[in-house]
Amino acid sequence: QAQVAESGGGLVQPGGSLRLSCAASGIIFRVNAMGWYRQAPGKQRELVAHITRDNVTNYADSVMGRFTISRADGQNAVYLQMNSLKPEDTAVYYCNTQLVTLSGRRDLWGQGTQVTVSS
């Protein structure tokens, strides 16, 4: 059985940086894609960044040029480097992993990590 764990959130001043980490563990045959999503209070969850197995990436317009998503060598982990943070970036950030396990295709989510950018 596979599971996902994430970390790296915290409180940071505007213009600061944070690095979020997410790792998938267990019996994993293949990781197809990983991504970061975020949700602020009263707002819908939105895609922040996404990366495929062959390292094709896409970003939300609001973070393009400031955030960078990357994967580890074994493609069981994903990172989100966040630079030039703004108060509008404040949200709970969730890691999503699309993978193949012993029981077939799975879509796993982390528990979320809070990112707060002070104004």
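This text gives an overview of the structure that appears in the document. (Residues numbered from 1 in each chain as written. Predicted model: local features only at pLDDT ≥ 70, side-chain atom pairs only at ≥ 80, totals over all residues. Heavy atoms only, no water.)

**Here's the deal with the packing of aromatic side chains**
Short version of the rule: Between the rings of Phe, Tyr and Trp (Trp by its six-membered ring), a pair exists once the centres lie within 6.5 Å; its type follows the angle of the planes, with under 30 degrees stacked, over 60 edge-to-face, and the other angles tilted. Strands here are runs of E lasting at least two residues and helices are runs of H or I lasting at least four, both read from the DSSP assignment and numbered beginning at the N terminus. Throughout this description, buried means an accessible area under 20% of the type-specific maximum (1.4 Å probe, protein chains only), exposed means over 50%, and partly exposed covers the range between. Lysine NZ or arginine CZ positioned within 6 Å of the ring centre and within 35 degrees of the ring normal marks a charge as sitting over the ring.
What the rule picks out here adds up to 1 aromatic pair. Between Y37 and W109, the ring centres sit 5.0 Å apart and the planes meet at 55°, which makes this aromatic pair tilted. Taken together, the residues Y37 in strand β4 (residues 28-39) and W109 in strand β10 (residues 104-109) connect sequence positions 72 residues apart. Assessed through its relative accessible area of 16%, Y37 is described here as buried. In this arrangement the basic side chain of R45 is found over the ring face of Y37, its NZ or CZ atom lying 5.4 Å from the centre.

**Side note on the pattern of salt bridges**
Operational definition: Salt bridges are identified by distance alone: a Lys or Arg side-chain nitrogen within 4 Å of an Asp or Glu carboxyl oxygen.
On inspection of all chains with the given rule, the structure shows 3 salt bridges. When the shortest N-O distance is used, the salt bridge between D89 and R38 registers 3.0 Å. Of this pair, D89 sits in the loop between β8 (77-82) and β9 (91-101) while R38 is found in strand β4, placing the two residues 51 residues apart along the sequence. When sorted by exposure, D89 lands in the same class as R38, which is buried. The salt bridge involving D89 is made with R66; its shortest N-O contact spans 2.8 Å. Taken together, the residues span a long stretch of sequence, with D89 in the loop between β8 and β9 and R66 in the loop between β6 (57-59) and β7 (67-71) at a distance of 23 residues. Since its relative accessible area comes to 2%, D89 is described here as buried. Looking at R66, the relative accessible area reads 11%, which means it is buried.

**Brief notes about the pairing of β9**
The two faces of a sheet get side chains in turn, since along a regular strand they alternate between them. Heads up, the condition is: Two strands qualify as a pair provided that DSSP identifies no fewer than 2 bridges between them.
Here β9 lies mainly inside the structure; 8 of its 11 residues are buried. Sheet topology note: the β9/strand β11 (residues 113-117) ladder contains 3 bridges and is antiparallel. Among the inter-strand pairings, A91 is bridged to a residue of β11, identified as V115. Pairing of β9 with β10 involves 6 bridges; the strand directions are antiparallel. Looking across to β10, one finds that V100 is bridged to R105. Linking β9 to β10, which pair antiparallel, is a turn of 2 residues.

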